[in-house]
Amino acid sequence: MKIQINIFILFSFFLLVSDSAYCIDSSTGVLKGRITDHATGSTIPGATVYIADLKKGTITDINGDYSITNLPESKVKIQVTFIGFKTIVDVIDIKGTITKNFELEESVSELSEVVVTGLSHAAEKNRTPTPIVTIPAIQLQQSSATNIIDAVASMPGISQVTTGSAISKPVIRGLGYNRVVVVNDGIRQEGQQWGDEHGIEIDEFGVDHVEILKGPASLMYGSDAMAGVINFLSAPTLPKGKIDGALLLNYQTNGGLIGSSFNIAGNNHDIIWNLRWSGKMAHDYQNKYDGYVLNSGFKEQNVSGIVGVNKSWGYSHLTFSTYYLNPGIVQGERDSLSGNFVKAVAENDTTVGVEQVTNSDFKSYNNLVPYQKINHYKLVLNNNFIVGDGSIKAIIGWQQNQRKEFANVLSPNDYGLSFLLNTVNYDLKYVFPEQKKFGFAMGINGMYQDSKNKGSEFLVPDYNLFDAGIFAMVNRNFNKFDFSGGVRFDMRNENGSDLYLDQNGVKITTPEPGSEQKFAAFNSKFQGVSGSLGVTYQISEILYTKANISRGYRAPNIAELGSNGEHE
């Protein structure tokens, strides 16, 4: 029986900047009040008051008082939380200075929570017809995950496809790969998710909480969200006038995983910032069937941050990250007589042999051949502009995914496969002011992609694509009933390039005698209609019933469009 021990050490510090940071701007809205225990009447210091749509909030002071300044004079949905108490969700019409007190009731489990995944604006989870599961920060920190997908795979209806400690892909109700959309920093994560050996390039230490929408979610995200969406969300911005820092250390006995992450964040007069560095490394892990699994170790590093402003007109946040992953690729080759794992070795400059591995091979933090090197860069500008009681939300993002595979023992530093993928994501929508309990939003979003082969081996052709989707969503509250629905129309244009190889398998630009056409050029256009209609009924304070019918849409991925014979 294998016993795994996980040790998490969390150091944090909390600094209070000068009281001048709390000056009130009389030209904008102010929300203030006191939070108390309903049973005892005593005040609750450290409770959180947060406005998800504005990414703005605060915590109560030692007297249980809170104050949020520089708010737009419009209706806002707030969430009041404290560990061990029921969450309160309320809508408040901010006009000048508003005083609102709250009484929290004790609870062993959360009954209400604000979510944003798959919705035009923040809403109460219990009142959304689609099933949304949330994983809070404390639960993520307590998990024994080696990557972020491990941390969510234990949830009902969620599983994973994994080929090593560092390579895991999410599966929702049996569907994975290009049938699940992963969202991070407000945009869909784009790597080479069509491949078995391609994981999710996200730093688990940078994720504060997770929202999982199970079911077709193409209405908001377009192609590929047939099975659902996994949205990895960063921590809320800090209250005005505060600086917060944390150091997290993680050690796991299985695989000898050593992880650490340091971040420091602040909010100075509504100018917010956050900087994080994370690193992990692990040697081969072991299980009860194989013992140690050869070449399953990895190294990972990430630097990320955010800078922006929170004002009465809304917010504008710029997020960046640079992620590096160096995983081994598990092959599982064994000696036919002993059954022990074997590794390929270079006997001389031209000859490859095999030999049985030693215990030091399993415990080494350096990968054997084959292995990968992945770099993922991301830059996202996320904006929300308040227009009266409505809002305009605009997101523009750029990602670059560089993936190289090294598989030649005779030349271990020369890559064979090499993909260079650039993606530009865009999302623009307008949320109309609520009228007679009707909410309405419409918008357009999509992406442009360009992928190039930079290596000497080729699994898919060079390609580019552009897609756009126009959508509209509506919701209506009838006391205990909540109705919501929407419709979306998508178009995608995908172009693949010719690829010719000479007699030695080297890429050439034009065909020649004896050459092979590895991939033929194509121009494919796809379109689809997605829709959703659902209702929620509140039977009691703790019991809800939901019904939802949805239709999703998925365009073929590049591995399907470029298929030519047996896939390696």
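Residues numbered from 1 in each chain as written. Predicted model: local features only at pLDDT ≥ 70, side-chain atom pairs only at ≥ 80, totals over all residues. Heavy atoms only, no water.

Chemist: Any chance you could explain the overall build of the chain here in plain terms?
Modeler: Tallying secondary structure elements over the chain gives five helices and 39 strands in all. For 568 residues, the compact-globule estimate of 2.2 N^0.38 gives 24 Å, and the chain sits close to it at 26 Å. Along the first, second and third principal axes, the C-alpha set of the chain runs to 80 × 50 × 45 Å. Of the contacts made within the chain by residues no fewer than 6 positions apart, 63% connect residues no fewer than 24 positions apart. (Helix = DSSP H or I, 4+ residues; strand = E, 2+ residues; numbered from the N terminus. Rg over C-alpha atoms; globule rule 2.2 N^0.38 Å. Contact = heavy atoms within 4.5 Å.)

Chemist: For this particular structure, what's the right way to read the side chain of Asn295?
Modeler: Structurally, the position occupied by Asn295 is in the loop between strand E24 (291-292) and strand E25 (298-311). Side-chain polar atoms of Asn295 contact the backbone oxygen of Ile329, separated by 3.1 Å. Engagement of the side chain of Asn295 in a polar contact is seen with the backbone nitrogen of Leu368, the distance being 2.9 Å. Among all residues touching Asn295, those that are not within four sequence positions of it are Asp284, Gly328, Ile329, Val330, Asn367, Leu368, Val369 and Pro370. (Polar contact = N/O pair within 3.5 Å; in protein donor to acceptor, adjacent residues only side chain to side chain.)

Chemist: Which parts of the structure should I look at to understand the packing of aromatic side chains?
Modeler: A ring pair, where both rings are aromatic, is described by two values, the distance of the centres and the angle of the planes. Across all of its chains, the model carries 14 aromatic pairs by this definition. Aromatic pair Phe341 and Phe362: ring centres 6.2 Å apart, planes at 75°, arrangement edge-to-face. In this pair, Phe341 is assigned in the loop between strand E26 (314-327) and strand E27 (342-346) and Phe362 in helix H4 (residues 359-363), connecting sequence segments 21 residues apart. Each of the two residues, Phe341 as well as Phe362, counts as buried. Where Phe481 meets Tyr537, the ring centres are 4.6 Å apart and the plane angle is 35°; that geometry is what we call tilted. One end of the pair, Phe481, is in strand E34 (residues 481-496); the other, Tyr537, is in strand E38 (residues 522-538), with 56 residues separating them in the sequence. (Phe/Tyr/Trp six-rings, centres within 6.5 Å; stacked < 30°, edge-to-face > 60°. Buried < 20%, exposed > 50% of the residue type's maximum accessible area, 1.4 Å probe, protein only.)

Chemist: I tried to follow the sheet that holds strand E15 (residues 175-176) on my own but got confused; where do I start?
Modeler: Strands in a sheet are paired, the pairing made by backbone hydrogen bonds, and the direction either parallel or antiparallel. Spatially, the three strands line up as an open sheet ordered E13-E14-E15, and their pairing is antiparallel. In the strand order of this sheet, the two ends are held by strand E13 (158-162) and E15, each with one partner. Strand direction decides the pairing type here: E13 and strand E14 (residues 168-172), joined by five bridges, are antiparallel. Bridge pairing links Gln160 to Pro170 in E14. (Pairing = 2+ DSSP bridges.)

Chemist: Can you walk me through the pairing of strand E12 (residues 132-135) in this structure?
Modeler: Successive residues of a regular strand alternate their side chains across the two faces of the sheet. The alternating pattern of E12 places Ile132 and Thr134 and Val133 and Ile135 on opposite faces, both of which are buried. The pairing of E12 with strand E18 (residues 209-214) spans four bridges and is classified as antiparallel. Across the sheet, Thr134 pairs through a bridge with Glu211, a residue of E18.

Chemist: Hey, could you run me through the environment of Gly388 in this one?
Modeler: With respect to the helices and strands, the residue Gly388 is situated in the loop between strand E29 (371-387) and strand E30 (390-406). Among the residues examined, Gly388 registers a relative accessible area of 52% and is labelled exposed. Sequence separation of Gly388 and Glu73 is 315 residues, and the distance between their C-alpha atoms is 7.8 Å.

Chemist: I'm lost on the nonpolar core in this one. Help?
Modeler: If you look at soluble globular proteins, the nonpolar side chains tend to sit buried side by side. The biggest cluster of nonpolar side chains holds 21 residues, and the ones touching the most others in it are Val210, Ile212 and Phe232. Counting only elements with at least two residues in this core, the list comes to E12, helix H2 (148-152), strand E16 (180-184), E18 and strand E19 (228-233). With near-sequence residues (within four places) excluded, Phe232 lies in contact with Ile148, Ile149, Val152, Val182, Val183, Asn184, Asp185, Ile202, Val207, His209 and Val210. Counting residues in each nonpolar core, the second largest holds 18 residues, with Ile51, Ile92, Ile94 and Phe102 among its members. (Core = buried A, V, L, I, M, F, W, Y, C linked by side-chain atoms within 4.5 Å.)

Chemist: Help me understand the side chain of Gln400 in this model?
Modeler: Residue position: Gln400 is located in strand E30. Assessed through its relative accessible area of 15%, Gln400 is described here as buried. If near-sequence neighbours (up to four positions away) are discounted, Gln400 is found in contact with Asn375, His376, Tyr377, Leu420, Leu421 and Asn422.

Coordinates in, geometry out; function isn't part of it.
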